[in-house]
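What the coordinates show
Chain by chain, the residues:
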Amino acid sequence: MPYSAEISRRNPTCFLFLIDQSGSMDDPFGAESGKKKCDGVADAINRLIQTLILRCAKGEGIRDYFHIGVIGYGDQVGPAFGGPLAGRTLVPIGEVANNPLRVEDRTRTVEDGAGGLVEETIKFPVWFEPRADGHTPMVAALTLAERILADFISQFRASFPPIVLNLTDGEPTDGDPEPAAVAIRDLATNDGNVLLFNLHISSQRAALIQFPDSDAGLPDESARRLFRMSSILPASFLAVAREKKFNVTEASRGFVFNADLISVIQFLDVGTRVDRNLR
Amino acid sequence: MKASAVFWLPKAGTSADEYEDACAADPDRGYFAIADGASESSFARQWAELLVQQFVRAPAHRRRRWVSWLRPLQQQWLDQVGSRPLPWYAEMKLKQGAFAAFLGLVIRTGLCFPRMLWRAVAVGDSCLFHLGSGNLRTTFPLTRSAEFGTSPWLVGSRSPPEHMLDREKLRVRGGCCKPGDRFYLMTDALACWFLREYEADRKPWEAIDRFLDGPDAEKAFADWISDLRDKGQMRNDDVTLLVVQV
């Protein structure tokens, strides 16, 4: 059965994030939100990397179950880690954990246990900075991703297939991305094909569509194309989506349209849930 | 009464010091426990070990004792693992606590000698199977192989102990047993295999009894588990088996 390989240190998998850094990412999420799309996405990715690290933290160390990469596409296309990891494409997660760009102190409000609220300082490591400039060279990003993943697969042929999460707010400006998406999804380990999940971020208040099983309700060709580019969710991902009360079917795809910030976080969560395969 | 044997094996591909189950027995007093440290949590082995050791010292086999029993163990765990400086991720993980499935068994001579009374307490998916007169008399707390695989309730080293008191989470069961009966306590991967075999009208305890009574039982156990894993009949997980001969 595909997508059942154990994820272990001998047999790691990888997550590759493709982040749209075009100029329009400087606009806010939806009409009512004050948060810029690029800031929201950077926070969500940094937070997710932290969560993935915690899944791999054991005692005082980290087990390299995952290799992580972030590719930005805007005025440039390339690796988007900052600090000591700058220029690296896929990095074992232990190395990611020990080399953040910086660790910020952020505050959050929590219950004090006596009916009140109290502010608490938490550590927030940052690996990836927001950026918004230039066009949307998605084809170039997908093509680079294919090269990176082909290299990973040649090293780890038995691994749980790599997962690519592409987050974009617009249409590609460098051609039709569909053939490049097909080329990524055609890559395979012995455990199945590479998974490509796509998320479209909205600048307007528009109907949110999460993990659809057909393109029937999608408003235009650009949305339908992203739907076609997205992999069908394997059973274990469907189980996670169902646990999170998403209305999914066997044909549901790893695709979200008109995402707000919350649905960005939900998309990243569902798309990276491979905990049950960890050993 | 005696605990006839304990067998354990780490996940394939990991070393013995990464094994995160725990097992303890005091056969003279009839106290037995196993625990399965959740591998997604940190310092889970220490937590599993604390639970089983304390159970065989002073068992909490009644619901009302649970909170006062668990609270000092949580402090001990924190004292053991939280006293030195840690990298940011290890510190964050420590705050989440360690988690373990737990199963404790107490067997006592009752008023109805030679019959005895047993009582078990469980949180999560480690299971007990009671075999008497060649029949499986009890499976506890899970009864069907289909029940494995969902996220089990676990005992947390930093979760409020009161939160475990629901009947759905902290399960208690008791019954009678007699000399010659056997109890098999096992962590989830083996327990799931056991129930699947039983559902297919086979007698899974016979496979266990074969190596139990044979020579070099430990090696036979390791070979048998490796074989089940290789054939895809058992999930690759730490395995612990405690067999109690009444």
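The rules behind these values
- Residues numbered from 1 in each chain as written.
- Chains lettered and ligands numbered in written order.
- Predicted model: local features only at pLDDT ≥ 70, side-chain atom pairs only at ≥ 80, totals over all residues.
- Helix = DSSP H or I, 4+ residues; strand = E, 2+ residues; numbered from the N terminus.
- Rg over C-alpha atoms; globule rule 2.2 N^0.38 Å.
- Buried ≥ 20, exposed ≤ 12 C-beta atoms within 10 Å, placed from the backbone.
- Contact = placed C-beta atoms within 7 Å.
- Nonpolar A, V, L, I, M, F, W, Y, C, P; charged D, E, K, R; others polar.
- pLDDT = per-residue confidence, 0-100.
- Pairing = 2+ DSSP bridges.
- Axes fitted to C-alpha atoms, helices over the stretch in contact; angles between N-to-C directions.
- Parallel < 35°, antiparallel > 145°, perpendicular 65-115°, else oblique.
- Left-handed = near helix turned anticlockwise from the far one by under 90°.

Some words on the overall build of chain A
Within chain A, the regular secondary structure consists of 7 helices and 14 strands. The C-alpha atoms of chain A give 18 Å as radius of gyration, which agrees with the globular expectation for 279 residues (19 Å, within 12%). Counting every position in chain A, which comprises 279 residues, the buried fraction comes to 47%. Sequence-distant contacts, at least 24 apart, represent 75% of the contacts inside chain A between residues at least 6 apart.

Considering the overall build of chain B
Of the regular secondary structure elements, chain B holds 6 helices and 11 strands. In terms of C-alpha radius of gyration, chain B reaches 18 Å, essentially the compact-globule figure of 18 Å for 246 residues. Partitioning the intrachain contacts of chain B with sequence separation of at least 6 by distance along the chain shows that 72% fall at a separation of at least 24.

Some thoughts on the interface of chain A and chain B
Across the contact, 18 residues belong to chain A and 12 residues belong to chain B. Where the side of chain A that touches chain B is concerned, the elements lending two or more residues are helix H1 (37–56), strand E2 (57–58) and strand E8 (117–126) of chain A. Looking at which element gives the most residues to the side of chain A that touches chain B, the answer is H1 of chain A, with 3 residues. Here the side of chain A that touches chain B is composed, by residue class, of 8 nonpolar, 2 polar and 8 charged.

Considering the confidence of the model for chain B
Overall, the prediction assigns chain B a mean pLDDT of 91, with 97% of residues at 70 or greater. Across the interface, the model reports ipTM at 0.82; the global pTM reads 0.81.

Some words on the environment of Ala35 of chain B
In this structure, Ala35 of chain B sits in strand E3 (residues 31–37). Residues Ala35 of chain B and Val244 of chain B, spaced 209 residues apart in sequence, show a C-alpha to C-alpha distance of 16 Å.

Here we look at the pairing of strand E1 (residues 13–20) of chain A
Residues and elements named next belong to chain A. Burial runs high along E1: 8 of the 8 residues are buried. Because side chains alternate across E1, one face comprises the buried residues Thr13, Phe15, Phe17 and Ile19, and the other comprises Cys14, Leu16, Leu18 and Asp20, equally buried. As defined by bridge partners, E1 adjoins strand E4 (residues 66–73) across 8 bridges and the pair is classed as parallel. Each residue of the ladder has a partner; that of Thr13, found in E4, is Phe66.

A short note on the packing of helix H1 (residues 44–57) of chain B against helix H2 (residues 66–81) of chain B
All names here are of chain B. Where H1 contacts H2, the axes come no closer than 10 Å and their chain directions differ by 140°. As the angle between them shows, H1 and H2 are arranged oblique. The handedness of the crossing between H1 and H2 comes out as right-handed. Touching Gln46, Trp47, Leu50, Leu51 and Gln54 of H1 are Leu73, Gln76, Trp77, Gln80 and Val81, all from H2. A per-class count over the contact of H1 with H2 returns 6 nonpolar, 4 polar and no charged.

A few points about unusual backbone geometry
Residue Phe140 of chain B is joined to Pro141 of chain B through a cis peptide bond whose omega torsion reads -5°. Looking at the element boundaries, Pro141 of chain B is found in the loop between strand E7 (135–140) and strand E8 (155–156). The residue Tyr3 of chain A is not glycine, and still its phi comes out positive at about 55°. Take Tyr3 of chain A: there are 17 C-beta atoms within 10 Å of it, and that puts it in the partly exposed class.

Focus on the packing of helix H3 (residues 138–155) of chain A against helix H4 (residues 178–186) of chain A
All names here are of chain A. Relative orientation of the contacting elements H3 and H4 amounts to 15°, with a least axis distance of 9 Å. By the angle between their directions, the pair H3 and H4 is classed as roughly parallel. Judged by the twist between their axes, the crossing of H3 over H4 is left-handed. In this structure, H3 uses Val139, Leu142, Thr143, Ala145, Glu146 and Leu149 to contact H4, whose residues at the interface are Ala180, Ala181, Ala183 and Ile184.

Some details on the environment of Arg119 of chain B
Residue and element names in this part refer to chain B. By the element assignment, Arg119 lies in strand E5 (residues 116–123). Taking the C-alpha atoms as reference, Arg119 lies 32 Å from Val81; in sequence the two are 38 residues apart. If we skip the residues at most four places from it in the chain, Arg119 touches His61, Val106 and Gly174.

Overview of the pairing of strand E2 (residues 21–26) of chain B
All names here are of chain B. Taken across its 6 residues, E2 has 5 buried, putting it largely inside the fold. When E2 meets E3, the two strands line up antiparallel, connected through 6 bridges. Paired with Ala24 across the two strands is Ala33, which belongs to E3. Counted along the chain from E2 to the antiparallel partner E3, the turn is 4 residues long, and its residue Gly30 has a positive phi close to 80°.

Brief notes about the environment of Thr51 of chain A
Residue and element names in this part refer to chain A. Mapped onto the fold, Thr51 is located in helix H1. Overall, the presence of 13 C-beta atoms within 10 Å leaves Thr51 in the partly exposed class. Through-space distance from the C-alpha of Thr51 to that of Arg228 is 29 Å; in sequence the pair is 177 residues apart.

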